[in-house]
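# Report on the structure
Spelled out from the first residue to the last, the chains are:
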Amino acid sequence: PARLGILGGGQLGRMFTVAAKTMGYQVVVLDPDPLAPAAEFADEHLCAAFTDEAALAQLAQCAAVTTEFENVSADAMRSLAQHTIVSPSGDCVAIAQNRILEKAWIRKAGLETAPYQVIEQESDISDASEAFLPGILKTATLGYDGKGQIRVKTLSELVAAFKQHQGVACVLEKMVDLRSEISVIVCRLNNDTSMCFDPAENEHIDGILAYSIVPARLPESLQQQAKDMAKRLADELNYVGVLAVEMFVVGDDAQLVVNEIAPRPHNSGHHTINACVTDQFQQQVRLMCGLNPGDTSLLSPCTMANILGDVWGEDGSEPNWLPLQQHAASHLHLYGKKSARKGRKMGHFTTLAQDANQAYQWAQDLHAQLKK
Ligand code: ATP
Ligand code: MG
Ligand code: MG
């Protein structure tokens, strides 16, 4: 069987690996962590730094290579691409890992972002910055789960926040009147061949995704508009693979604003494993192999709930899985991580129901029962 390579062996790499193995491929995972969640299922775990020449040379032998996270070296991906098929491209990954480039590309595609100002040095802060207050100062690179973000109301708070970020390049984003958050996952092979999953409605708690509800409880026309926007962005990037586009629904007139993109399967797409004809990890496998995307149809309304380390006991004891295991329409997925830190994504579950509200209700009830 063909060997597929992946940069990163976290939970996304793990679910990719399981999908690829199930589909008849072998998988090589590069991840410096000896306990990387994907290692359990991989044919080969290259336990080395992402920049390790020897490990990259081995990945270059694979029939195709992909990534599970955006903070991989785009240059490493570009050089791999001289030897094998790499998707998404290093160029797309470079855009997704930098909010300044990312926002410029979103606007270039003719889509809205929240009003923003690039702040690369303290002197970029001026009276003109007032137009973006109250706002959020986000580091241009390396932020996730709300890390690297400081909310600011005044110019002096902004100056202090920029200092707190130690002068690294930032984007000051105006707070928008958020009514709900959605994400669209696009599966794109080329200009003529791309498919979207239905938008997921995302609920965050403390800056971390808590629930994804599908179908999103929004008008059909708005959902279609979101899909068209995500596709347009993927086309503009000439993107190959699975691309997640996070959007805000803003104001009384429900304007769609693009927040950020992820060049990979996304946490808000985990429900596709149990509730769609083809799941997002199977799509990643298919697209990196040059195959058409599979059917993205939703088979059942559902809700995905994240399971964070927070529901483990103080003494490290596991949550009570029994209610989830007993439930007639829920699917539990654990990532095999050894230590359960607060805020760490340890697993997720998906509930399926006749309608999204019921699935969401079950997910909340089941989640509440995890903590003994
Ligand atoms: P992740 O990559 O884990 O999704 P992140 O750290 O990159 O998160 P963002 O997605 O930019 O952060 O923002 C996190 C959350 O903060 C958003 O999901 C949204 O709830 C809120 N938020 C971000 N930007 C704005 C904004 N301009 N106005 C209002 N709320 C915002
Ligand atoms: Mg992000
Ligand atoms: Mg986000």
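Everything quoted here is computed from the prediction, not taken from an experiment.

Listed under "domain: ATP-grasp" (unreviewed entry) in the UniProt record, and renumbered for this structure, are residues 103–289. Along residues 103–289, the helical share is 25% and the strand share 35%, with 29 Å between the first and last C-alpha atoms.

So, on to the pairing of strand S4 (residues 64–67). The two faces of a sheet get side chains in turn, since along a regular strand they alternate between them. Both strand S1 (residues 3–7) and S4 contribute to a ladder of four bridges, which runs parallel. Of the residues in S4, the one forming a bridge with Gly5 is Val65. The sheet contact formed by S4 and strand S5 (residues 85–86) spans two bridges and is parallel. Pairing of Val65 across the sheet is with Val86, part of S5.

Quick look at the environment of Pro319 now. Here Pro319 shows up in the loop between strand S16 (302–308) and helix H10 (322–326). Sequence separation of Pro319 and Ile307 is twelve residues, and the distance between their C-alpha atoms is 9.6 Å.

Our focus in this paragraph is helix H9 (residues 280–288). Extensive coverage of H9 is indicated by the burial of nine of its nine residues. Within the span of H9, buried status applies to Gln280, Phe281, Gln282, Gln283, Gln284, Val285, Arg286, Leu287 and Met288. Just past H9, the residue Gly290 takes up positive phi, approximately 80°.

Time to look at the site of ligand 1. In the vicinity of ligand 1 there are 19 residues, among which Ala114, Tyr144, Asp145, Glu173 and Val176 approach most closely. For the shell around ligand 1, the secondary structure elements donating two or more residues are strand S7 (135–139), strand S10 (178–190) and strand S15 (255–262). Counted by class, the shell around ligand 1 contains six nonpolar, six polar and seven charged residues. Counting the residues that make up the shell around ligand 1, at least three belong to each of domain 2 (115–174) and domain 3 (178–368).

By size, the foremost hydrophobic cluster in this structure holds 89 residues, and its most contacted members are Val29, Val184, Val186, Ala230 and Val245. Of all the elements, strand S14 (residues 241–250) adds the most residues to this core, at seven residues. When residues are assigned to domains, this core turns out to be shared by domain 1 (3–86) and domain 3 (178–368), each giving three or more. Not counting the four nearest positions on each side in its chain, Val245 is found in contact with Ser183, Val184, Val186, Ala230, Leu233, Val258 and Ile261. Residues Leu158, Phe162, Val171 and Leu172 belong to the second largest nonpolar core, which totals 13 residues.

Attention now moves to the sheet that holds strand S2 (residues 26–30). Judged by pairing direction, the sheet is parallel, and its five strands sit side by side in the order S3-S2-S1-S4-S5 without closing on themselves. Strands with a single pairing partner mark the edges of an open sheet, and in this sheet they are strand S3 (44–46) and S5. Seen against the sheet, helix H1 (residues 11–22) touches S1 and S2 and runs at an angle of roughly 165° to S2. Packing of H9 onto the sheet brings it into contact with S1, S4 and S5, and relative to S4 it is tilted by some 140°.

Bringing the packing of H1 against H9 into the picture now. In contact at an axis separation of 8 Å, H1 and H9 are set at 65° when each is read in the N-to-C sense. Between H1 and H9, the crossing angle belongs to the class labelled roughly perpendicular. The handedness of the crossing between H1 and H9 is right-handed. Contact residues: Met15, Phe16, Ala19 and Ala20 in H1; Phe281, Gln282, Gln284 and Val285 in H9. A per-class count over the contact of H1 with H9 returns six nonpolar, two polar and no charged.

Thresholds, definitions, all that
- Residues numbered from 1 in each chain as written.
- Chains lettered and ligands numbered in written order.
- Predicted model: local features only at pLDDT ≥ 70, side-chain atom pairs only at ≥ 80, totals over all residues.
- UniProt positions renumbered as here; feature names shortened; annotations may be inferred.
- Helix = DSSP H or I, 4+ residues; strand = E, 2+ residues; numbered from the N terminus.
- Pairing = 2+ DSSP bridges.
- Buried ≥ 20, exposed ≤ 12 C-beta atoms within 10 Å, placed from the backbone.
- Near = placed C-beta within 6 Å.
- Nonpolar A, V, L, I, M, F, W, Y, C, P; charged D, E, K, R; others polar.
- Domains from an automatic or database assignment.
- Core = buried A, V, L, I, M, F, W, Y, C linked by C-beta atoms within 7 Å.
- Contact = placed C-beta atoms within 7 Å.
- Axes fitted to C-alpha atoms, helices over the stretch in contact; angles between N-to-C directions.
- Parallel < 35°, antiparallel > 145°, perpendicular 65-115°, else oblique.
- Left-handed = near helix turned anticlockwise from the far one by under 90°.

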